[in-house]
Amino acid sequence: VGAGNTVKLANQIIVAANIEAIGEALVLAKKAGIDPDLVFNAIRGGLAGSNALEAKASMIMDGNFDPGFRIRLHQKDLHNALLTGKELGVPLPVTSLIQQMLGALINKGSGEKDHSAIVTFIEDLANVQARKEQG
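> Honestly, the packing of helix α2 (residues 36-43) against helix α3 (residues 51-62) in this entry has me stumped. Any pointers?
Angle between the axes and distance between the axes are the two parameters that describe a pair of packed helices. The N-to-C vectors of α2 and α3 enclose an angle of 170°; their axes lie 10 Å apart at closest approach. The pairing of α2 with α3 is recorded here as roughly antiparallel in orientation. From α2, P36, D37, F40 and I43 reach across to α3, where they touch L53, E54, A57 and M61. Looking at side-chain class alone, the contact of α2 with α3 contains six nonpolar, no polar and two charged residues.

Dropping the structure here:
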């Protein structure tokens, strides 16, 4: 595995973990009765602020999963990261979990949606959608 490919896989691990965490946080907020948009605006300037938060939180809160980077492609990249980890003897437990979540979404027919749609996996478990309040 070349350095460039390994860097790409490392990037995909970080992006996936960030987007999944954003989804969990917004679902938690909504389930607690807090407008996810308020949470987004409260945390975006702190340590949790990131390019991923800026790019994906609004998509999640709007329920807009028009593809930028598709779930099926991110799942493939995480699969490759797991194979590389196995070859190198590096456990990647969080990557494995997220890769399985993406696989479940593909099986559900969501493979062509933007990878921010990983939130729908958490939404289904929590029985709530992380959408901002209208008005």
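Here the narrative resumes.
> So what exactly am I meant to see when it comes to the side chain of K56 here?
Position of K56 relative to the elements: it lies in helix α3. By relative accessible area, K56 is classed as buried at 12%. Contact partners of K56, with chain neighbours within four places excluded, come to I19, D114, H115 and S116.

> Help me understand α2, please; the structure alone is not making it clear to me.
The α-helix advances 3.6 residues per turn, and as a result positions three or four apart in sequence lie on the same side. The set of residues buried in α2 consists of P36, V39 and F40. The arc that holds every buried residue of α2, seen down its axis, measures 100°, which confines them to one face. In α2, the exposed residues that point more than 90 degrees away from the buried face are L38 and A42. Buried positions along α2 lie against α1 (3-31) and α3.

> Whenever I open this one, the packing of α1 against helix α4 (residues 71-88) confuses me. Can you help?
Where α1 meets α4, the closest approach of the two axes is 9 Å, and the angle between their N-to-C directions is 120°. What the angle tells us is that α1 and α4 run oblique. Here α1 and α4 pass one another in a crossing that is left-handed. On the side of α1, the interface is formed by K8, L9, Q12, I13, V15 and A16, while α4 contributes H74, D77, L78, N80, A81 and T84. Per-class residue counts for the contact of α1 with α4 are six nonpolar, four polar and two charged.

Cut-offs applied
- Residues numbered from 1 in each chain as written.
- Predicted model: local features only at pLDDT ≥ 70, side-chain atom pairs only at ≥ 80, totals over all residues.
- Heavy atoms only, no water.
- Axes fitted to C-alpha atoms, helices over the stretch in contact; angles between N-to-C directions.
- Helix = DSSP H or I, 4+ residues; strand = E, 2+ residues; numbered from the N terminus.
- Parallel < 35°, antiparallel > 145°, perpendicular 65-115°, else oblique.
- Contact = heavy atoms within 4.5 Å.
- Nonpolar A, V, L, I, M, F, W, Y, C, P; charged D, E, K, R; others polar.
- Buried < 20%, exposed > 50% of the residue type's maximum accessible area, 1.4 Å probe, protein only.
- Arc of directions from axis to C-beta.
- Left-handed = near helix turned anticlockwise from the far one by under 90°.

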